[in-house]
Amino acid sequence: MSQALALYQLQEIELGILRCQKRLSEIAAALEDNQAVAEARARLEAAQKTLTPLHTRARNLELEIQSNADKIRATDERLYSGSVRNPKELQDMQQEIQALKRRNAELEDTLLEMMLAVEEAEAALASARADLQQITGDWETQNQNLLDEQARLKADETRLAEQRRQALSHISAEDLKLYNALKPRRHNQPVAVLDGDTCAACGVEQTMAIISDLDRGVSLVKCMSCGRILVRKPGKA
Ligand SMILES: [Zn+2]
């Protein structure tokens, strides 16, 4: 294998590692971002917050109605027991009973409205709960896909790291130094394929002398324009 080809293979492996790393960081970010689930949970909490005070108010109305009914019964019993004879007192008791009955009629109307509101709030809560379940389910499925992809990419990364180690064993320290020096200035692609007589990286046509050097196997011929190390495409003549 020519030195240029060994460097080209190293470059392809390293680009593969970079692609893995890029996708792995995207996946890590996606796994962090579960906004849809958080929003559905917030809607459920809001529905619960609406329902709780309605329940409390309905319960309080029931208690007040019950208490008034008890008072009506007790006053009624006293009224007909014969123990009270004073006409003014008897009249007051009758008026009190009437007042309590009117009050309870009002309270029962309010309670009915409250029960309807409770029903509505309970339906909203059930719907929010179903939404959360659906969204959480979707999230978990998506999550699983991402976790599967993450596992595949990590295996790829390990395999590529081993390939890189082997590729490096074919490369001299001097060549590697040149390769590493070019790498940051050439977007991680210090090696370019010669496509016909054109550098595939920068698109500049090379001189006959350069092509001749490359075809004669002169060590590390560089593109006259971008300075990348030129290589004939592996597998091609
Ligand atoms: Zn070039």
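The preceding data block contains the structure.
Report on the accompanying structure. Since we're looking at a predicted model, the values are computed, not measured.

Criteria and thresholds
- Residues numbered from 1 in each chain as written.
- Predicted model: local features only at pLDDT ≥ 70, side-chain atom pairs only at ≥ 80, totals over all residues.
- Heavy atoms only, no water.
- Helix = DSSP H or I, 4+ residues; strand = E, 2+ residues; numbered from the N terminus.
- Contact = heavy atoms within 4.5 Å.
- Donors = N, O, S within 2.8 Å, 3.2 Å for Na, K, Ca; no water.
- Tetrahedral: all angles 85-135°; square planar, octahedral: opposite > 155°, others 65-115°.
- Axes fitted to C-alpha atoms, helices over the stretch in contact; angles between N-to-C directions.
- Parallel < 35°, antiparallel > 145°, perpendicular 65-115°, else oblique.
- Left-handed = near helix turned anticlockwise from the far one by under 90°.
- Nonpolar A, V, L, I, M, F, W, Y, C, P; charged D, E, K, R; others polar.
- Buried < 20%, exposed > 50% of the residue type's maximum accessible area, 1.4 Å probe, protein only.
- Salt bridge = Lys/Arg side-chain N within 4 Å of Asp/Glu carboxyl O.
- Pairing = 2+ DSSP bridges.
- Core = buried A, V, L, I, M, F, W, Y, C linked by side-chain atoms within 4.5 Å.
- Domains from an automatic or database assignment.

Bringing the overall build of the protein into the picture now. Along its length, the protein carries five helices and three strands. The secondary structure elements of the protein, listed N-terminal to C-terminal, are α-α-α-α-β-β-α-β. When the backbone C-alpha atoms are referred to their principal axes, the protein occupies close to 135 × 30 × 25 Å. Sequence separation of at least 24 residues holds for 72% of the intrachain contacts in the protein that already meet a minimum separation of 6.

Coordination of the zinc ion by the protein comes from Cys199 (SG), Cys202 (SG), Cys223 (SG) and Cys226 (SG), over a distance range of 2.2 to 2.3 Å. In this structure, the zinc ion is coordinated by four donor atoms arranged in tetrahedral fashion, with angles at the metal of 102 to 117 degrees. On the primary sequence, the residues serving as donors to the zinc ion are separated as C-x2-C-x20-C-x2-C. One end of the pair, cysteine 202, is in the loop between strand E2 (198–199) and helix H5 (208–216); the other, cysteine 223, is in the loop between H5 and strand E3 (229–232), with 21 residues separating them in the sequence.

Our focus in this paragraph is the packing of helix H2 (residues 35–81) against helix H3 (residues 87–168). The interhelical angle for the contact between H2 and H3, taken along N-to-C directions, is 160 degrees, at an axis separation of 7 Å. With respect to H3, the axis of H2 lies roughly antiparallel. Helix-helix and strand crossings are classified by hand; for H2 and H3 the assignment is left-handed. Of the residues contributing to the contact of H2 with H3, the split by class is 30 nonpolar, eight polar and 15 charged.

The next subject is the side chain of threonine 75. Mapped onto the elements of the fold, threonine 75 is located in helix H2. Accessibility expressed as a relative area gives 10% for threonine 75, which makes it buried. Not counting the four nearest positions on each side in its chain, threonine 75 is found in contact with Met93, Glu96 and Ile97.

Quick look at the pattern of salt bridges now. All chains considered together, the criterion is met by 15 salt bridges. Put simply, Lys22, Arg23, Glu26 and Glu149 are held in one network by salt bridges that share partners.

Looking now at the sheet that holds E2. In spatial order, the strands read E2-E1-E3; together these three strands make up an open sheet with mixed pairing. On the outer flanks of this sheet lie E2 and E3, each paired with one strand and no other. Note that strand E1 (residues 191–195) and E2 share two bridges and pair antiparallel. Considered in E2, the bridge of aspartate 195 is made with threonine 198. Where helix H1 (residues 3–32) meets the sheet, its contacts fall on E1 and E3, and the angle it forms with E3 comes to roughly 100 degrees.

Another point: the nonpolar core. With 23 residues, the main nonpolar core has Leu7, Tyr8, Val191, Ile229 and Val231 as its most contacted residues. At the level of secondary structure, the elements contributing two or more residues to this core comprise H1, H3, helix H4 (173–182), E1 and E3. The element that contributes the greatest number of residues to this core is H1, accounting for 11 residues. Both domains that meet at this core, namely domain 1 (34–168) and domain 2 (172–232), each give it at least three residues. Formed by 18 residues, the second largest nonpolar core is a distinct cluster that contains Ala58, Ile65, Leu107 and Leu132.

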